[in-house]
Amino acid sequence: MSPTLIAQIVILLFVFFMLLNSAAIMVYVERKVAALLQQRFGPYLTGPHGLLQPLADVIKLMFKEELRPKAADAFLFTLAPVISVTAAFAAFAVVPFGASTTFFGLLDHPIPLQVADVNVAVLVIFAITSMGVYGIVLSGWSSNSKYALLGGLRSSAQMISYELSYGMALGAVLLLGNSLSLTELVNGQAGYWFHVIPRWFVFLQPVGFVIFMIAGIAETNRAPFDFPEAEQELVAGYHTEYSSMRFAMFFMAEYINMVTVSAVATDLFLGGWHGPFLPASLGWIWFLVKVGALLFFYVWMRWTLPRYRYDQLMSFGWKVLLPIAALNLLVTAAGVIYFGA
Amino acid sequence: MPDQILFYLLGGLAVVASVLVIGQRNPIHSVLLLIASFAGLSGLYVLLQAPFVAVIQIIIYAGAIMVLFLFVVMLLNVGREDTDVDEQSPVFVHRVSMRVGALLAGLLVVELVWALASAGTLGGVFGPMSQAPPAVTSVRTIGHALFTDYAFAFEVTSILILVAMVGAVVLARREAK
């Protein structure tokens, strides 16, 4: 085995391990931030400052009984959470999280810090996330329960509606970066304007960034767009009938999707691993800081804004967000042609 | 060699899944098998050095159109089909429809065999394999071809889709009273 291959396997296992942990960490962060916003302490008893709470949650979930409704479609009922979590993990495979490195001179030539360097990476992410919706839709249908079915239906309608705006916000960035490869897009954001402002696409695409974040929240089914699991109307939505680890897989998928959307937003709009003060080899620290900030924003939104009404969500998506996204794309295209960027 | 193994695996997946689509009693299972078939096709595009087409196949067909299919099937709550033949209808009606179906299927098989057989030797419908156009790999080439050589077809297709959209809106819209 060549050193490059070993390094790539190490990166792969590292990404897998980190994503697995990010779900646990995000559960803790979510509870702590919620507590902060509601002026309580949050989990405090398990370990110092409740740090072992996620571990306790995982152990509890593992030892719960796996329940399945008698009339459920057994095969699809089992398959649905697997689809969700697989799509969530797979999407991160093409996301670069640091500059090319030789691992302190261990390798002959530098390799990129990502699992797979695909030249149509942006589209691959888009394709895999659109597969993730099947997990939710199928869980809703196969449970043979009306609450789960309504949750699944809402989710599919919501994701179809917001995927368009999401794609158009992406399209504007692709025009600016003149590439479909995430690595090239990030490298297109290196340097500064007037030695002060970093050349991040967020400054050229403020509207696109806002659209991307809103659509990202809707795509990951987070509050204030968490209709698939609206408690007051649908008990727990698509995962009403799930328990134990199958239930945990849906939750893992939700948190990993959040991480992926934040990481993609960081690469596309916030300059990825480029930032001041740190040498290029430590760029991944900047990447982590930016992703962390976006994840905090996600949690912050959830505990600040109340849930929309379903018809508001639909009319907002189609009548406000989509026209703005289309206009943004058009103006960007015109600008790229005019300035020859 | 690994390419050939992959080709037979993916092609097999696409064919077997497509055949199973029409063999299902439950429409939801049919939709899922169709997605599996699209996934196989997408893999074949990757083998043909066309990753862009492969990804677009997944995004458009598996990601958008099939979600809509699934949505409609779930929304209309289409149940299992328990009998092949509607017992209530007059016997001769389904006999006739079955014969027409068999005739069309036979015609399709003949066409396929003719096309495949002539593709290798006579030049066939798409020209001999050796003279096949070079694989269109980059997004730039596809975009360029689409907006120069095939601009007319492209625009006509978009007008067609627009007409279909307007039609759907008109049909779905209820007159305000």
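Since we're looking at a predicted model, the values are computed, not measured.

**Observations regarding the overall build of chain B**
Then, in step 1: In terms of regular secondary structure, chain B is built from six helices and zero strands.
Then, in step 2: Of the regular secondary structure in chain B, the N- to C-terminal order runs α-α-α-α-α-α.
Then, in step 3: Taking all 177 residues of chain B together, 22% fall into the buried category.
Then, in step 4: Nonlocal contacts in chain B, meaning residues at least 24 apart in sequence, comprise 55% of its contacts between residues at least 6 apart.
Then, in step 5: By element, 72% of the accessible surface of chain B is carried by carbon and sulfur atoms, the whole surface being about 13,200 Å².

**Here's the deal with the pattern of salt bridges**
Residue and element names in this part refer to chain A.
Then, in step 1: Taken as a whole, this structure holds two salt bridges over all chains when the rule is applied.
Then, in step 2: Here Arg302 makes a salt bridge to Glu30, at a shortest N to O gap of 3.2 Å. Of the two residues, Arg302 sits in helix α11 (residues 283–304) while Glu30 sits in helix α1 (residues 3–37), which places them 272 residues apart along the sequence.
Then, in step 3: Relative accessible area serves as the criterion here: at 27%, Arg302 is assigned to the partly exposed category.
Then, in step 4: Looking at Glu30, the relative accessible area reads 3%, which means it is buried.

**Points about the side chain of A:Asp267**
Residue and element names in this part refer to chain A.
Then, in step 1: Residue position: Asp267 is located in helix α10 (residues 244–269).
Then, in step 2: One buried charged side chain, Asp267, makes no salt bridge at all; its nearest oppositely charged neighbour is Lys290, positioned 7.8 Å away.
Then, in step 3: With sequence-adjacent residues up to four places away left out, Asp267 is seen in contact with Val95, Pro96, Leu182, Val186, Gln189, Gly272, Trp273 and Phe287.

**Here we look at the packing of aromatic side chains**
Residue and element names in this part refer to chain A.
Then, in step 1: Per the stated rule, a full pass over the model turns up 14 aromatic pairs over all chains.
Then, in step 2: Aromatic pair Phe247 and Phe251: ring centres 5.2 Å apart, planes at 45 degrees, arrangement tilted. One end of the pair, Phe247, and the other, Phe251, are both in helix α10, four residues apart, so they sit about a helical turn from each other.
Then, in step 3: On the accessibility criterion, Phe251 (27% relative accessible area) is partly exposed.
Then, in step 4: An aromatic cluster is defined as three or more aromatic residues linked by ring pairs; in this entry it consists of Phe126, Tyr166, Phe209, Phe212 and Phe269.

**Let's talk about the packing of helix α4 (residues 121–142) of chain A against helix α3 (residues 51–76) of chain B**
Then, in step 1: Look at α4(A) against α3(B): their axes get within 9 Å of each other, and the N-to-C directions meet at 20 degrees. In terms of orientation, α4(A) lies roughly parallel with respect to α3(B). Our pair here, α4(A) against α3(B), has a crossing hand that is left-handed. Contacts from A:Leu123, A:Val124, A:Phe126, A:Ala127, A:Ser130, A:Met131, A:Val133, A:Tyr134, A:Val137, A:Leu138 and A:Trp141 of α4(A) reach α3(B) at B:Phe52, B:Val55, B:Ile58, B:Ile59, B:Ala62, B:Gly63, B:Met66, B:Val67, B:Leu70 and B:Met74.

**A short note on the nonpolar core**
Then, in step 1: Of all hydrophobic cores here, the largest spans 108 residues; its most connected members are A:Phe212, A:Leu268 and B:Ile28.
Then, in step 2: Here this core takes 15 residues from α4(A), the largest share from any one element.
Then, in step 3: Those residues in contact with A:Leu268 that lie beyond four places of it in its chain are A:Leu170, A:Val173, A:Leu182, A:Leu185, A:Gln189, A:Phe201 and A:Phe212.

**Details of the interface of chain A and chain B**
Interfaces are often described in size by the accessible area the parts lose on coming together.
Then, in step 1: With 22 residues of chain A at the contact, the number on the chain B side is 21 residues.
Then, in step 2: Interface area, chain A with chain B, both sides summed: about 1,900 Å², of which 82% is carbon and sulfur.
Then, in step 3: Sorting the residues of chain A by area buried against chain B places A:Tyr134, A:Trp141 and A:Leu153 first, and these three jointly supply 29% of that buried surface.
Then, in step 4: Along the contact surface separating chain A from chain B lie zero salt bridges.
Then, in step 5: Linking chain A with chain B are two residue pairs in polar contact (both at pLDDT 80 or more), by the criterion used here.
Then, in step 6: At the level of elements, α4 and α5 (146–177) of chain A are the ones that each hand at least two residues to the side of chain A that touches chain B.
Then, in step 7: A class-by-class count of the residues in the side of chain A that touches chain B yields 17 nonpolar, four polar and one charged.

**Brief notes about the environment of A:Gly317**
Residues and elements named next belong to chain A.
Then, in step 1: Following the sequence through the fold, Gly317 ends up in helix α12 (residues 310–339).
Then, in step 2: Taking the C-alpha atoms as reference, Gly317 lies 8.6 Å from Gln158; in sequence the two are 159 residues apart.
Then, in step 3: With sequence-adjacent residues up to four places away left out, Gly317 is seen in contact with Tyr162, Ser165 and Leu322.

**Section: the environment of B:Val72**
Residue and element names in this part refer to chain B.
Then, in step 1: Structurally, Val72 can be placed in helix α3.
Then, in step 2: Under the relative-accessibility criterion, Val72 is labelled partly exposed at 41%.
Then, in step 3: The sequence separation of Val72 and Leu44 amounts to 28 residues, and the corresponding C-alpha distance is 29 Å.

**Structural notes on unusual backbone geometry**
Most peptide bonds take the trans form, and the phi angle of most residues other than glycine is negative.
Residue and element names in this part refer to chain A.
Then, in step 1: Residues other than glycine seldom take positive phi values, yet Gln39 does so here, at roughly 55 degrees.
Then, in step 2: As for its placement among the helices and strands, Gln39 is situated in the loop between α1 and α2 (53–62).
Then, in step 3: On the basis of relative accessible area, Gln39 is assigned to the exposed category, the value being 77%.

**Some remarks on α11(A)**
All names here are of chain A.
Then, in step 1: Compared with the 32 Å implied by 1.5 Å per residue over 22 residues, the 32 Å span of α11 between its first and last C-alpha is a close match.
Then, in step 2: Buried residues of α11: Gly283, Phe287, Lys290, Val291, Leu294, Leu295, Tyr298, Val299 and Met301, and no others.
Then, in step 3: Tucked into the core, α11 has its buried residues touching α1, α8 (206–219) and α10.

**Remarks on the confidence of the model for chain B**
All names here are of chain B.
Then, in step 1: A residue-level look at chain B finds 77% of positions with pLDDT of 70 or above and a mean pLDDT of 77.
Then, in step 2: Confidence, read as mean pLDDT per element, is least for helix α4 (residues 91–121) in chain B (78) and greatest for helix α6 (residues 151–172) (89).
Then, in step 3: For this predicted complex, the interface confidence reaches an ipTM of 0.73, while the overall pTM sits at 0.79.

**A word on a nonpolar patch on the surface**
All names here are of chain A.
Then, in step 1: Together, Leu52, Leu55, Val58, Ile59, Met62, Phe63 and Met245 make up a nonpolar patch on the protein surface, roughly 690 Å² of accessible area in all.
Then, in step 2: Here the nonpolar patch gets four residues from one element, more than from any other, and that element is α2.
Then, in step 3: Note that Leu55 resides in helix α2.
Then, in step 4: Relative accessible area serves as the criterion here: at 52%, Leu55 is assigned to the exposed category.

Reading guide: rules and limits
Residues numbered from 1 in each chain as written. Chains lettered and ligands numbered in written order. Predicted model: local features only at pLDDT ≥ 70, side-chain atom pairs only at ≥ 80, totals over all residues. Heavy atoms only, no water. Helix = DSSP H or I, 4+ residues; strand = E, 2+ residues; numbered from the N terminus. Buried < 20%, exposed > 50% of the residue type's maximum accessible area, 1.4 Å probe, protein only. Contact = heavy atoms within 4.5 Å. Areas by Shrake-Rupley, 256 points an atom, 1.4 Å probe, with all protein chains shown as cover. Salt bridge = Lys/Arg side-chain N within 4 Å of Asp/Glu carboxyl O. Lys, Arg positive; Asp, Glu negative; His and termini not counted. Phe/Tyr/Trp six-rings, centres within 6.5 Å; stacked < 30°, edge-to-face > 60°. Axes fitted to C-alpha atoms, helices over the stretch in contact; angles between N-to-C directions. Parallel < 35°, antiparallel > 145°, perpendicular 65-115°, else oblique. Left-handed = near helix turned anticlockwise from the far one by under 90°. Core = buried A, V, L, I, M, F, W, Y, C linked by side-chain atoms within 4.5 Å. Buried area = accessible area lost by both parts, 1.4 Å probe. Polar contact = N/O pair within 3.5 Å; in protein donor to acceptor, adjacent residues only side chain to side chain. Nonpolar A, V, L, I, M, F, W, Y, C, P; charged D, E, K, R; others polar. Expected span 1.5 Å × (residues − 1). pLDDT = per-residue confidence, 0-100. Patch = residues over 30% accessible without salt bridge, like charges linked within 9 Å, V, L, I, M, F, W, Y side chains within 5 Å.

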